[in-house]
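# Examination of the molecular architecture
Below, each chain spelled out in residue letters.
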Amino acid sequence: MARSDFRFFHRKRVRFAEVDAQAVVFFARYLEYTDIAITEYWRALGMIGDGPLTGEGSLEFHVAKATVDYKAPMLLDEEIDIGVRCSRIGRSSMTFDFEFHGKDREDLRATAQSIQVHVAEVRGAPSPVPDRIVALFEGYEGRRLREEKAA
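Before going into details, it helps to say that this report is about the structure given with it. (Residues numbered from 1 in each chain as written. Predicted model: local features only at pLDDT ≥ 70, side-chain atom pairs only at ≥ 80, totals over all residues. Heavy atoms only, no water.)

On inspection of all chains with the given rule, the structure shows 15 salt bridges. For the salt bridge of Asp-81 with Arg-3, the shortest nitrogen-to-oxygen distance reads 3.1 Å. With Asp-81 in strand β3 (residues 79–89) and Arg-3 in the segment before β1 (8–13), the pair connects residues that are 78 residues apart, well separated along the chain. Classification of Asp-81 as buried rests on a relative accessible area of 9%. Given the relative accessible area of 6%, Arg-3 is considered buried. Salt-bridge contacts for Asp-81 lead to Arg-11; the nearest nitrogen and oxygen are separated by 2.8 Å. Here Arg-11 lies in strand β1 and Asp-81 lies in strand β3, a separation of 70 residues in the sequence. Among the ionic contacts, a cluster of salt bridges with common partners joins Arg-3, Arg-11, Arg-13, Asp-77, Glu-79 and Asp-81. (Salt bridge = Lys/Arg side-chain N within 4 Å of Asp/Glu carboxyl O. Helix = DSSP H or I, 4+ residues; strand = E, 2+ residues; numbered from the N terminus. Buried < 20%, exposed > 50% of the residue type's maximum accessible area, 1.4 Å probe, protein only.)

In structure tokens:
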């Protein structure tokens, strides 16, 4: 995917606590970084604060699947740009893509993907993604995200 496919980026500096003995980011931290970046993405969309994730009658999403494809290491004290985009909305799930870039705009270090499922309550079964949330994400991303329902 091209960097230009991402409208949102969050800059993160690699801290000492996040690296191994060779000063390389520990592999499990990539998922932590996706969590940090998606929180900032949601904030940019107005989902946090008085928004639908934390306001009255808030929505609940659970991570159903997360993958990381490592390309090149990220090192201690580097500034990393993490791109986030919603790439698909199904009946009850949303797919988010991530890219990790170094200082050079095309210096791709890793890609990741997270599938999150909307649930009716914390321990509930999957529930349809509300139309207002679909409209919010499609408006922000500037393209259709919801899959067509099978006939």
